[in-house]
Amino acid sequence: MLIALIARDKAGALETRKANRDAHLAYIEATGVVTQAGPLLDDAEQMIGSLVILDVADMAAAQNWADSDPYAKAGLFESVELIPWKRVIGG
């Protein structure tokens, strides 16, 4: 099941994002369920959130992944939305 995780950073949290980036990337690598990912950007191309496509068994697995992300544990996000997603183009 493909799930789009859309997370918006708390205002002024760029340093929290930067401080936890290595742990976040290591988590992505270790879990092996991320098919695509990248930061959301503002008009100045500063990171303000994340878009992550998860390939997991069900929504509960997606929620568990989201809750265990080092970014989430560091309190980076203002909001996190998990939405079932269907790939139509690519991959």
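Here goes a summary of the coordinates provided. (Residues numbered from 1 in each chain as written. Predicted model: local features only at pLDDT ≥ 70, side-chain atom pairs only at ≥ 80, totals over all residues. Heavy atoms only, no water.)

Quick word on the overall build of the protein chain
- Along the backbone of the protein chain there are three helices and four strands.
- Listed by position from the N terminus, the elements making up the protein chain come as β-α-β-β-α-α-β.
- A globule of 91 residues ought to have a C-alpha radius of gyration of about 12 Å, and the protein chain, at 13 Å, matches this closely.
- Principal-axis analysis of the C-alpha atoms places the extent of the protein chain at approximately 35 × 25 × 20 Å.
- In the protein chain, buried positions account for 31% of the 91 residues. (Helix = DSSP H or I, 4+ residues; strand = E, 2+ residues; numbered from the N terminus. Rg over C-alpha atoms; globule rule 2.2 N^0.38 Å. Buried < 20%, exposed > 50% of the residue type's maximum accessible area, 1.4 Å probe, protein only.)

A word on helix α1 (residues 14–31)
- Counted at 1.5 Å a residue, the expected span for α1 with its 18 residues is 26 Å, and the 24 Å between its end C-alpha atoms agrees.
- A bend of about 50° at arginine 21 is the largest found in α1.
- Every buried residue of α1 is listed here: Arg17, His24, Tyr27 and Ile28.
- Once α1 ends, the next one or two residues include glycine 32, with phi positive near 70°. (Expected span 1.5 Å × (residues − 1). Bend = angle between axes of the 7 residues up to and from the residue.)

Topic: the pattern of salt bridges
- Considering all chains together, one arrives at two salt bridges under this definition.
- Among the salt bridges present, the one from aspartate 9 reaches arginine 17, with a minimum N-O distance of 2.8 Å. For the pair aspartate 9 and arginine 17, one class covers both residues: buried.
- Among the salt bridges present, the one from lysine 18 reaches glutamate 15, with a minimum N-O distance of 3.9 Å. In this pair, lysine 18 and glutamate 15 are both assigned in helix α1, three residues apart and thus about one turn of the helix distant.
- Given a relative accessible area of 56%, glutamate 15 falls into the exposed group. (Salt bridge = Lys/Arg side-chain N within 4 Å of Asp/Glu carboxyl O.)

A word on the sheet that holds strand β2 (residues 34–41)
- With antiparallel pairing, four strands are arranged side by side in an open sheet as β2-β3-β1-β4. Where the open sheet ends on each side, the last strands, each with one partner, are β2 and β4 (77–84). The mean inter-strand angle of the sheet, taken between neighbouring strand axes irrespective of direction, is 15°.
- Pairing geometry for strand β1 (residues 2–9) and strand β3 (residues 47–55), over seven bridges, is antiparallel. The residue of β3 that forms the bridge with alanine 7 is serine 50. (Pairing = 2+ DSSP bridges. Axes fitted to C-alpha atoms, helices over the stretch in contact; angles between N-to-C directions.)

Quick look at the side chain of serine 50
- When you line up the elements, serine 50 lands in strand β3.
- With a relative accessible area of 4%, serine 50 lands in the buried category.
- Among the polar contacts made by the side chain of serine 50, one reaches the side chain of arginine 17 at a distance of 2.9 Å.
- Sequence-distant contacts of serine 50, that is, excluding residues within four places in its chain, are made with Leu5, Ile6, Ala7, Arg17, Gly38, Pro39, Leu40, Tyr71 and Phe77. (Polar contact = N/O pair within 3.5 Å; in protein donor to acceptor, adjacent residues only side chain to side chain. Contact = heavy atoms within 4.5 Å.)

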